[in-house]
Each structure stands twice: as C-alpha cells, then as structure tokens.
Amino acid sequence: MTAVDLGRLRGRPLRGEIELPGDKSMSHRALIIASLADGRSRLRRLAPGRDVASTAKCLRQLGVSVLSRGSPAEVIVTGRSSASGGAAPGYLEPAGVLDCGNSGTTMRLLLGVLAGQDLFAVLTGDGSLRRRPMKRITAPLRQMGARILGRDDGAQAPLAVEGGNLRPAAHRTEAASAQVKSSLLLAGLFAPGTSSVTEPGQSRDHTERMLAAAGASVRRVSPVETEISGPAALKPLDLMIPGDPSSAAFLAAAALLVPGSSVTLRRVSLNPTRTGLFRLLARAGARVELRVAGEEAGEPWGDILVRHSEFGPLDVVASDVPALVDEIPLIGLLATRAGGRTTISGAAELRVKESDRLAATAEGLRALGATVEESPDGLAVEGPVELAVPPEPLKSHGDHRMAMTWAVASLVAGDGVKVAGSGAMDVSYPGFLGDLATLAGCRP
Ligand code: S3P
C-alpha cells in the first residue's frame, strides 16, 4: 500500500475559492429516483467517486439506461418502473450479482427498491460493506412482505431478495439513519397505502425532498416522522446537484487550521440536516459563515466562507450527531487545536461505518501525540496540542473519510506525516488532493 506525503503543502495558507463536486448522498438518490421515473431525467454535477459509480453500475445491470453526456458529471437516466403505476417498464432481473463496492447507501437504498420489484437479485460489496449491519433494513422490509436471505439471517451481505407485493407498514427505527429511512420510504413507494418511518432523531432528508420534487406523495409529519403513499408514478428530474458539504468539510478544516488561510467553498448544499459541523464551529468561535444563494429540488445551496481562526471545544451530544455524522473524525482532529477539552458522545453509529471510526480516530490522534479517551459511543480529546510526526504512516483503514482526515492532519503536524491507504479518498472525493494543492497555490 502506498503512503502519500503531503509535505510540500504543509503550512502553506489556503486561499481563494473552489467549487465542490456534487453531493454524494443526493447523487445516489437522484440516480435511483430517476431510474423509477416515467421518462428521461437529466442530472448535472453528479458526484464523482466510486460510491456513486457503484449505484450507476447496479442500475445498468437492472436494465436502466444511464448515459454520460459530454462530461461524466452529466448523465441522462431513462426510468423503468412497473410498480410505480406509470407507463415505464419495470427493472430487468439482473443476470449477475449486484456489486455495491464500498457503498452502504447503494446497498441499503437499492434493497428498498428491489423489495418492491417482482424479480430476484443478489447484492454484495467489498470486505467493509460485507461486515456492516443490514438487519436494520432486512427486518422491516421482510415485515412489508419482501423475501430476503442473507448471512446470519439477513444481518450481513451478500443478500438475496425476491420482491413484489409489498404491504404498507409503520416503522420505528432504532438509530437515526438516512440510509434506513430512505430504504423504507423507497419500498413504501411500491406498497399500496400509507407507510411511515419514525426515527429517534432527524437524519438527512434528501430522499424526502427529491421524492416530493418527482411528484411522490411524501408528507413530513414531524422532523422525525415521514409518511409516503404508494403506488406513485414519478416524474423525471432535471437537477443540478449542489456541492457536497461533507467533502467541503475537509477543505474548511484545513483552512481553519493553517495560519493565513481564507477560502470560499462555492455552490455547496446547505441543507440544514448536513451542515451541523459548520454550525458547531461557528458556535465555538471559528470564523465560518454560510451564505445561502439559491434552491435546487427543494434544497438550499450556497457558499461557505472559512478563515483561519482560534476556536473553543467542539462538544457533540447525541442530538447533534445526525447532521455531522460523517464529520466526527474531522471534529476529533480539530479538537486537538481547540482551546480546551472536547467531548463527543452519542456517536456509537460511527463504529459501524466503512471502518470503526471512533477507534480509527483515537488511534491516529494518539499516534499524532494527542491525549484521547475512547468510550463506547464517543471520544474525549484534549486541546490544544502541537501535533507530532508519527513513526508509522497514519492508517486509513480503507475508509475515505479517515484518509482525508489524516491528509488534513499532515498539513499542520510536523514535517513528514504519511497516510497509508490514501486511495480510499476516491470513494467520495477523487479530486481532494488536487483541490487542496490548488488552494495552497501549488500545482496539483
Ligand atoms: C448517508 C447516510 C449516513 C452517512 C453516509 C451517507 C446517506 O449513513 O453516514 O455517509 O446518503 O443516506 P447512515 O444512514 O447509516 O447514518
């Protein structure tokens, strides 16, 4: 495994502005919802990266036409859905196994759709995805009438599904998870009647917003309860996907940490269910500003302005977690520079992400010389501390967000920090190091 050395960027202030690649969560949903619509959808600024490519590849195996037009970031999707009550033909039974790669969103959302389709399909993924918990979707989908087999009684992939003839259900989920909620809402599209999902906290709501834009009957009963009525004929989408706030977070963190930095991150999704990190930083005194500039498919987008600054502890409690769930490793790193002790709790979900992100964060921060306590559902990090150069490269554990967290650390720790397994960044943000170099005034 190669280890990248970001030494040439170290300490160089980040300046200027940059447009972020399209949001990953929205891109998965746009492809899937378009695949179910009656007609041709146009999706612009689709997220690059391997995860969204996995969704597109699986949909092609299901007979959906997904064509790149001009640039790979613009695609035309021709929908095919029988159960929507519309005129489009249904998905085709896939001749091979659907490989979701590293992408939990692909596997969980597609399983919800396949549960409603009269066909047989098998879904698998890489080693990380095959370890991730799936009972949280297989159990409620079975309750709606889907037949699903999988390892450990459907707790882990590979999963085999025979869908069709779903009945509506009122679900209560144990964790606030947008993947689970979205899977169940998509299945609800195919069940005649009203289905609902109630969560312990509000997770990101792109699916609800985009389904409503496609004409589905989705109703937000409260921030944590959503109803959907099936069957529904979906209209095609014409979308410009705003930039990914979770990718923006890494550039923002780098700018906050490197003295002399001042950056503007343009055309980013500012959906409040995604911008928890920026609110937390602003509350802690960091110079971070969100400027809403427009709306697309019911989603606010705009610019994020960040300047190098000092900030206080970045405490996170359970109710904060859904809106910053993917940013917690980065919060751990930022906490080493905060003026005081940061405590993160209610974040046990991080243990079942692409890696155990609480353990991976604690391990890397300790290697950088920080004082960290790990608990079953969180971390406590002492700040401020000068970060040191670890004797070994920092490990990504094959997890894109860990790889990018350590790349940011290497900009401010002593000379010579290396990151092992940095190729994982390609899962969500293949241009990350290039964008960082551009802002640092170096050639990518
Ligand atoms: C996602 C939801 C979150 C997040 C993941 C993407 C989505 O996962 O961590 O990166 O697109 O719905 P959970 O739903 O498991 O919290």
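Everything numeric here is computed off the predicted structure, so don't read it as measured data. (Residues numbered from 1 in each chain as written. Predicted model: local features only at pLDDT ≥ 70, side-chain atom pairs only at ≥ 80, totals over all residues. Heavy atoms only, no water.)

## Remarks on the overall build of the protein chain
Counting its secondary structure elements, the protein chain contains 14 helices and 22 strands. Considered along the principal axes of its C-alpha atoms, the protein chain spans approximately 60 × 45 × 40 Å. Among the 444 residues that make up the protein chain, the fraction classed as buried is 59%. Here the protein chain displays about 15800 Å² of accessible surface, and carbon together with sulfur accounts for 50% of that area. Here the protein chain contributes 50 positive and 46 negative side-chain charges, whose respective centroids are spaced 3 Å apart. (Helix = DSSP H or I, 4+ residues; strand = E, 2+ residues; numbered from the N terminus. Buried < 20%, exposed > 50% of the residue type's maximum accessible area, 1.4 Å probe, protein only. Areas by Shrake-Rupley, 256 points an atom, 1.4 Å probe, with all protein chains shown as cover. Lys, Arg positive; Asp, Glu negative; His and termini not counted. Charge placed at Lys NZ, Arg CZ, Asp CG, Glu CD.)

## With respect to the packing of aromatic side chains
Geometrically, a pair of aromatic rings is defined through the distance of the ring centres and the angle of the planes. Under the definition given, this model contains two aromatic pairs. Note on Phe250 and Phe432: the rings are 6.0 Å apart at their centroids and 70 degrees apart in plane angle, and the pair reads as edge-to-face. With Phe250 in helix α9 (residues 245-257) and Phe432 in helix α14 (residues 432-439), the pair connects residues that are 182 residues apart, well separated along the chain. Judged by relative accessible area, Phe432 falls into the buried class, the value being 0%. Taken together, a centroid distance of 5.4 Å and an interplanar angle of 55 degrees make the contact between Tyr429 and Phe432 tilted. One aromatic cluster is present, built from ring pairs that chain together Phe250, Tyr429 and Phe432. Above the ring of Trp301, the side-chain terminus of Arg267 is found at 4.4 Å from the ring centroid. (Phe/Tyr/Trp six-rings, centres within 6.5 Å; stacked < 30°, edge-to-face > 60°. Lys NZ or Arg CZ within 6 Å of the ring centre and 35° of its normal.)

## Looking at the sheet that holds strand β10 (residues 170-172)
Hydrogen bonding along the main chain pairs the strands of a sheet, whether they run parallel or antiparallel. One open sheet holds the four strands; their spatial order is β10-β11-β13-β12, and the pairing between them is mixed. For this open sheet the edge positions go to β10 and β12 (217-222), each flanked by a neighbour on one side alone. Taking the axes of each pair of neighbouring strands and ignoring which way they run, one obtains an average angle of 15 degrees across the sheet. Pairing between strand β11 (residues 193-198) and strand β13 (residues 225-230): six bridges, direction antiparallel. The partner of Ser196 across the bridge, within β13, is Glu227. (Pairing = 2+ DSSP bridges. Axes fitted to C-alpha atoms, helices over the stretch in contact; angles between N-to-C directions.)

## Some points on the pattern of salt bridges
According to the stated counting rule, one finds 32 salt bridges in the structure shown. Of the charged contacts in the structure, one is a salt bridge between Lys181 and Glu199, with a shortest N-O distance of 3.6 Å. Here Lys181, found in helix α7 (residues 178-188), pairs with Glu199, found in the loop between β11 and α8 (206-213); they are 18 residues apart in sequence, far enough to count as distant. Side by side, Lys181 and Glu199 carry an identical accessibility label, which is buried. (Salt bridge = Lys/Arg side-chain N within 4 Å of Asp/Glu carboxyl O.)

## Let's talk about the nonpolar core
Core analysis: the biggest nonpolar cluster contains 77 residues, and Leu265, Leu334 and Phe432 have the highest contact counts within it. Here this core gets 10 residues from one element, more than from any other, and that element is α9. The next biggest cluster of nonpolar side chains, apart from the first, holds 64 residues, and it includes Val66, Leu111, Ala115 and Leu237. (Core = buried A, V, L, I, M, F, W, Y, C linked by side-chain atoms within 4.5 Å.)

## Digging into the site of the ligand
What surrounds the ligand is the set Ser25, Arg29, Thr105, Arg108, Ser177, Ala178, Gln179, Arg204, Val325, Asp326 and Lys353. A distance of 2.7 Å separates an oxygen atom of the ligand from a polar atom in the side chain of Ser177. A distance of 2.8 Å separates an oxygen atom of the ligand from a polar backbone atom of Gln179. The protein chains hide 95% of the 380 Å² of surface that the ligand would expose on its own. Listing elements by their share of the shell around the ligand, those giving two or more residues are α1 (24-35), α3 (104-115) and α7. For the shell around the ligand, the class distribution of residues is two nonpolar, four polar and five charged. (Near = heavy atom within 4 Å. Polar contact = N/O pair within 3.5 Å; in protein donor to acceptor, adjacent residues only side chain to side chain. Nonpolar A, V, L, I, M, F, W, Y, C, P; charged D, E, K, R; others polar.)

## Some words on unusual backbone geometry
Gly230 connects to Pro231 through a cis peptide bond whose omega is -10 degrees. As for its position among the elements, Pro231 is in the loop between β13 and β14 (238-240). In this model, Gly383 is joined to Pro384 through a cis peptide bond whose omega is -5 degrees. Here Pro384 is to be found in the loop between β20 (378-381) and β21 (394-395). The backbone phi angle of Asp152 is positive, close to 50 degrees, even though this residue is not glycine. Mapped onto the elements of the fold, Asp152 is located in helix α6 (residues 151-154). Asp152 gets classed as exposed once you look at its relative accessible area, which sits at 59%. At Asn165, a position not held by glycine, the phi torsion is positive, near 50 degrees. Of the residues examined, Asn165 reaches a relative accessible area of 78% and is grouped as exposed.

## Describing the state of the cysteines
If you walk through the whole model with that rule in mind, you get zero disulfides. There is no disulfide at Cys58, and the cysteine sulfur nearest it, in Cys100, is 4.3 Å away. The buried category is assigned to Cys58, whose relative accessible area is 0%. (Disulfide = S-S within 2.5 Å.)

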